[in-house]
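# An overview of the molecular structure
Listed below are the residues making up each chain.
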Amino acid sequence: MRRFALLGGSALLLSGSSALTPAFATTGRVAAAESTPSIELAIRTVEASESVEESPLNKPAAPALPIATPSEPPSLERRVRSVSRGQASWYGPGFYGNRTASGEVLRRGTLTAAHRSLPFGTKVRVTNLHNGRSAVVRINDRGPFHGHRVIDLAHGAASELGVVASGVASVKLEVLQ
């Protein structure tokens, strides 16, 4: 059962769920000029099975869109291609303004990283195994070239993961499609 509540030019669609969905309604001078004197400013109940004459105020509301979870934007909900673990380090202050291997200029606070073999532009979700924080970075440089480290994070990504103070952290890498 659907109910439309018309209150002073505003309309709400009251459906079977507890959520209120805005219906299409206009307010202001244009609505007053286009409205007919037969419109009541009281609550009207319209059964879904009843036939209702077509008018701009009797159109059903558009279906509600799903709400995205705050943990991750919908554009980053991708399948994971591969998972690896290892040590991550970070770089930045001495390299700001220099070009990376992909040709970009390294800037403070970017969510980018260096990897030995992944193609430039690859998105990787990096998770700090010590504190559980994660960030999605884009590969735009080559490295790291020290020890057995698997990824070298730019300053912005290292800050999000909480790696700046320690310099090195155990991480999990998930290559996203």
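As shown above, the structure is provided for reference.
Residues numbered from 1 in each chain as written. Predicted model: local features only at pLDDT ≥ 70, side-chain atom pairs only at ≥ 80, totals over all residues. Heavy atoms only, no water.

This paragraph deals with the pairing of strand 7 (residues 123–128). Within strand 7, five of the six residues are buried, leaving the element largely enclosed by the surrounding structure. The pairing of strand 7 with strand 8 (residues 134–141) spans five bridges and is classified as antiparallel. Across the sheet, residue Val124 finds its bridge partner in strand 8, namely Val137. The turn linking strand 7 back onto strand 8 is made up of five residues, and Gly132 within it adopts a positive phi angle of 80°. As judged from the five bridges shared by strand 7 and strand 10 (residues 168–176), these two strands associate in the antiparallel manner. Note on strand 10: the bridge partner recorded for Thr127 is Lys172. (Buried < 20%, exposed > 50% of the residue type's maximum accessible area, 1.4 Å probe, protein only. Helix = DSSP H or I, 4+ residues; strand = E, 2+ residues; numbered from the N terminus. Pairing = 2+ DSSP bridges.)

In this structure, Val124, Val126, Val137, Ile151, Leu153, Val171 and Leu173 are the most contacted members of the largest nonpolar core, which totals 19 residues. When contributions to this core are tallied by element, the ones reaching two or more residues are strand 7, strand 8, strand 9 (149–153), helix 2 (155–161) and strand 10. When residues of this core are assigned to their parent elements, the largest contribution, four residues, is made by strand 10. (Core = buried A, V, L, I, M, F, W, Y, C linked by side-chain atoms within 4.5 Å.)

Moving on, we get to the pattern of salt bridges. Enumeration over the complete set of coordinates arrives at two salt bridges. Arg125 is paired through a salt bridge with Glu174; the nearest N and O atoms lie 3.4 Å apart. Of this pair, Arg125 sits in strand 7 while Glu174 sits in strand 10; the two residues are 49 residues apart in sequence, bridging distant segments of the chain. Among the residues examined, Arg125 registers a relative accessible area of 13% and is labelled buried. Under the relative-accessibility criterion, Glu174 is labelled buried at 12%. (Salt bridge = Lys/Arg side-chain N within 4 Å of Asp/Glu carboxyl O.)

Along the chain, Gly143 connects to Pro144 via a cis peptide bond; the corresponding omega equals -5°. Looking at where Pro144 falls in the secondary structure, it is placed in the loop between strand 8 and strand 9.

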